[in-house]
Amino acid sequence: MAKHPNTSSSKSSKSRLKRSRWRWPLIVLGLTGVATVSAVAGALLAVSLASTPLLQSRLSPEEADVFAQDDISTGMSLRLPQLARPVNILVLGVKVLSSDVENPPEEVQDLGYHALLNSFEGLSDTMLLIRFDPDTEALTVLSIPRDTRSYVEGIGVTKLNEANREGGPALSATAVSELLNDTRIDRYVRINVQGVEKLVDALGGVDVYVPKDMKYRDESQHLYIDLKEGEQTLNGDQAMQFLRYRYDETGDIGRVQRQQTLMRAMQEQTLSPSTLARLPQIFSVVQSHIDTNLSVEELLALMGFASRMDRSHMQMVMLPGNFSSPGQYNLSYWIPQERAIDQMVAQYFRRASGYVGDRRAINSLRVAIQDSTDNSDAARTIVNRLNEAGYWNVQIARDWNEPLTETRIIAQGGDAESAATIQSVLGLGEVRIESTGVLQTDITIQVGQDWLRQTASSGESNAL
C-alpha cells in the first residue's frame, strides 16, 4: 500500500524551499565587500530563481547548440561569480513596426501610421559583438553595419540584418560567426528600440555632444528628429533620435559612429557606484524589452567585470569594409574586406599572448587631422610635426565641431600601437580605439586646446 506523504513534513520542506529562495540575496549582501554590487546581486537573485530570467525566445535544441554550451562564469558561491574565460556576446538592436507583422496587436491596427512594437522578430538595426576578456582585462566592441553584404543560411547573399527576422538570434549568430571566420559566439542579447529608450530614461539620460543639427520627419512612422548641435543630456526619446538619424553623407556608417559615441558616453557615466545601485530598478523597467540566454550568474559576472575594468581598456572597432559602388548591385551594401577582417579577428577575438598586429609603415600610415580649436594654425602645426617624424600620408580633414580640451588620437582601424607612437611624437593626447574618426584612415587626430598650449609655450605656432 502506497504511503501518503507526511503533511507536516511537506509543509516544512516548502517552508525551507521558500526560505532558500531568499537565502542567496542575504548571503551576497552579507559577505561581499562592495555594497553597490551586493545590492545588484541580491535584487537580481531575489527577482527570479530562473536560470535565464530575461529569456523571451523559445530556442530549439538545434538553435541552442549554436551558442557555446560550456560555462562562462564560476557559478554562485560565497563570492560573486567571475568570468571564467573570454566571452563573446552578440547584441542585436531590433526595430519592429506594426507593418512588419501579419497580425499586429489591435491597439495599433487603426492608428494610421506604422507604430513601433515591443517585439524582437524584425530586422536588426544594430549588430554588435562584444568580447569580455578577463585575460587582458579588456572589453572590445565590434560594430557590424546592418547593410553588410554576407551569406545568410536559407536566404543566400543578402544584408546581414535580415538574419534576425528570418531565423532569430541563432541564425544571426551563425551568420556573424561565419562572417568572422567561425568566431565562437557564447551568448546573445536582443533589445528592441523601445527598450533602449526606457533604459536611457531609467539611467537619467546620457550626456552627448550632438555634432550637428539633426532634423527629419517621417509621418508614416511618427518619427520626428529635431536635435540641435552641442553638448546636452539626451532623454530616451532624444537618444533614439540621435541613433536613428542617418541622413548624412556616410549613411549607415554615420549611424555606427553615433552608436559608438553613445556607448562610450553611457559607459563613462553608468558604471558609477550610484548607477550600479539602481540596476535592479533599471532591469525591472527594461525587462520586457530584453531577450537573452544569459543566466543570472552570467549577468552578474559580466557586470562585475565591466564595473572593475579600466575605462581606457574599452576598444570599439568596426567591421572593415567599403561602400558598394553605385550600380554595382541592386541594393547598397557595406562590402567586407576579408584580409582586414582576418587581422581584426586575430587581434581582438582570438588574441594570443604576445600578438603583434599588422602595423603599417609610418610613411604609408593614413593620418587625418581634424581641428576642434577654431585656430587656423593648429592642424598645420600637427602636420609639420608629423612630417618631421616621417609621416607623409597626412591630410587635413573637416573640422571637428565638438570643442576638445584634450587632443584625441583615434585608432580608426584598431592600430593601437601606431596611435601610441603618434602620441609619443606629439607629446600629448588621449589614445582611443574606436571608429569615430575619418573613414578610410588609420589614425584620426582631433586637435584639442592642449596642443595650442604646447605650441604656444614652444613658439612652434610662430614658425609657420
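*Asks:* Would you take a moment to explain helix α12 (residues 296–308) for this structure?
*Replies:* In an α-helix, one full turn covers 3.6 residues, which means residues spaced three or four apart are oriented alike. With 13 residues, α12 extends 18 Å from end C-alpha to end C-alpha; this agrees with the ideal 18 Å at 1.5 Å per step. Counted residue by residue, α12 has 10 buried out of 13 residues, so it is predominantly covered. What α12 keeps buried is the set Val296, Glu298, Leu299, Leu300, Ala301, Leu302, Met303, Gly304, Phe305 and Ala306.

*Asks:* Just to check I follow, could you spell out helix α6 (residues 162–179) for this structure?
*Replies:* Here α6 contains 18 residues, and its C-alpha end-to-end distance of 14 Å is more than 12% below the 26 Å for a straight helix at 1.5 Å per residue. The sharpest bend along α6 measures roughly 135° and falls at Gly168, with the proline Pro169 sitting one to four residues further on. Within α6, 14 of the 18 residues are buried, which leaves the element mostly enclosed by the surrounding structure. Backbone geometry just after α6 places Asn181 at a positive phi near 60°.

*Asks:* Teacher, can you tell me more about the pairing of strand β8 (residues 214–218) here?
*Replies:* In regular strands, side chains alternate between the two faces of the sheet. Inspection of the sheet shows β8 paired to strand β9 (residues 223–227) by five bridges, in the antiparallel sense. The residue of β9 that forms the bridge with Arg217 is Tyr224. Adjacent in sequence and paired antiparallel, β8 and β9 are bridged by four residues, among which His222 carries a positive phi angle near 55°.

*Asks:* Got a minute to help me understand the sheet that holds strand β1 (residues 87–94) in this structure?
*Replies:* Sheet strands pair via backbone hydrogen bonds, and the direction of the pair is either parallel or antiparallel. With mixed pairing, six strands are arranged side by side in an open sheet as β11-β6-β1-β2-β3-β12. The open sheet is flanked by β11 (290–292) and β12 (314–318), the only strands paired with a single partner. Averaged over all pairs of adjacent strands, the angle between strand axes in this sheet comes to 20°, irrespective of strand direction. When β1 meets strand β2 (residues 124–133), the two strands line up antiparallel, connected through eight bridges. Bridging from a neighbouring strand, Leu90 pairs with Leu129 of β2. Against the sheet, helix α7 (residues 193–202) touches β1 and β6 (187–192), its axis set at about 85° to β6. Each of β2, β3 (138–143) and β12 touches helix α13 (residues 338–348); the most contacted strand, β12, lies at about 165° to it.

*Asks:* Which parts of the structure should I look at to understand the packing of aromatic side chains?
*Replies:* To describe a pair of aromatic rings, one takes the distance between the centres and the angle between the planes. Across all of its chains, the model carries four aromatic pairs by this definition. On the numbers, 5.3 Å between centres and 40° between planes, the contact of Phe67 with Tyr188 is tilted. Here the residue Phe67 occupies a position in the loop between α4 (61–64) and β1, and Tyr188 occupies one in strand β6, the gap between them amounting to 121 residues. As far as the burial class goes, Phe67 and Tyr188 line up, both buried. Look at Phe323 and Trp334: their rings are 5.1 Å apart centre to centre, the planes differ by 85°, and that puts the pair in the edge-to-face class. A residue pair is termed long-range when its members are at least 10 positions apart, and Phe323 in strand β13 (residues 321–323) and Trp334 in strand β14 (residues 334–336) qualify at 11 residues.

*Asks:* Explain the environment of Ile335 to me, please; I cannot follow it from the model alone.
*Replies:* Summarising the element assignment, Ile335 is placed in strand β14. The spatial distance from the C-alpha of Ile335 to the C-alpha of Leu319 is 9.6 Å, given a sequence separation of 16 residues. In this structure Ile335 touches Arg149, Pro320, Gly321, Asn322, Phe323, Ser324 and Tyr329, once residues within four positions along its chain are discounted.

*Asks:* Mind showing me how you'd approach the nonpolar core here?
*Replies:* Within soluble globular proteins, side chains that are nonpolar generally end up buried alongside one another. Membership of the largest hydrophobic core comes to 57 residues, with the highest contact counts inside it found for Leu180, Met344, Ile369, Leu386, Ile422 and Ile445. Ranked by residues supplied to this core, first place goes to α6 with seven residues. Residues within four places of Leu180 in sequence aside, it is in contact with Leu129, Leu142, Leu319, Ile341, Met344, Val345 and Arg350. Judged by nonpolar contacts, the second largest core, of 50 residues, contains Phe132, Met214, Met266 and Leu279.

*Asks:* What is the right way to look at the side chain of Thr158 in this model?
*Replies:* Note that Thr158 resides in strand β5 (residues 156–159). Discounting residues that sit within four places of it in the chain, Thr158 has contacts with Thr148, Arg149, Ser150, Val152 and Tyr333.

*Asks:* How do you make sense of the sheet that holds strand β18 (residues 430–432) when you look at a structure like this?
*Replies:* Spatial strand order, β16-β15-β19-β17-β18: five strands in an open sheet with mixed pairing. The sheet is open, and its two borders are formed by β16 (394–396) and β18, each paired with just one other strand. Sheet twist, expressed as the mean angle between neighbouring strand axes with direction ignored, is 20°. Bridge count for strand β17 (residues 408–411) against β18 is three bridges, and the pairing is parallel.

Criteria and cut-off values
Residues numbered from 1 in each chain as written. Predicted model: local features only at pLDDT ≥ 70, side-chain atom pairs only at ≥ 80, totals over all residues. Heavy atoms only, no water. Helix = DSSP H or I, 4+ residues; strand = E, 2+ residues; numbered from the N terminus. Expected span 1.5 Å × (residues − 1). Buried < 20%, exposed > 50% of the residue type's maximum accessible area, 1.4 Å probe, protein only. Bend = angle between axes of the 7 residues up to and from the residue. Pairing = 2+ DSSP bridges. Axes fitted to C-alpha atoms, helices over the stretch in contact; angles between N-to-C directions. Contact = heavy atoms within 4.5 Å. Phe/Tyr/Trp six-rings, centres within 6.5 Å; stacked < 30°, edge-to-face > 60°. Core = buried A, V, L, I, M, F, W, Y, C linked by side-chain atoms within 4.5 Å.

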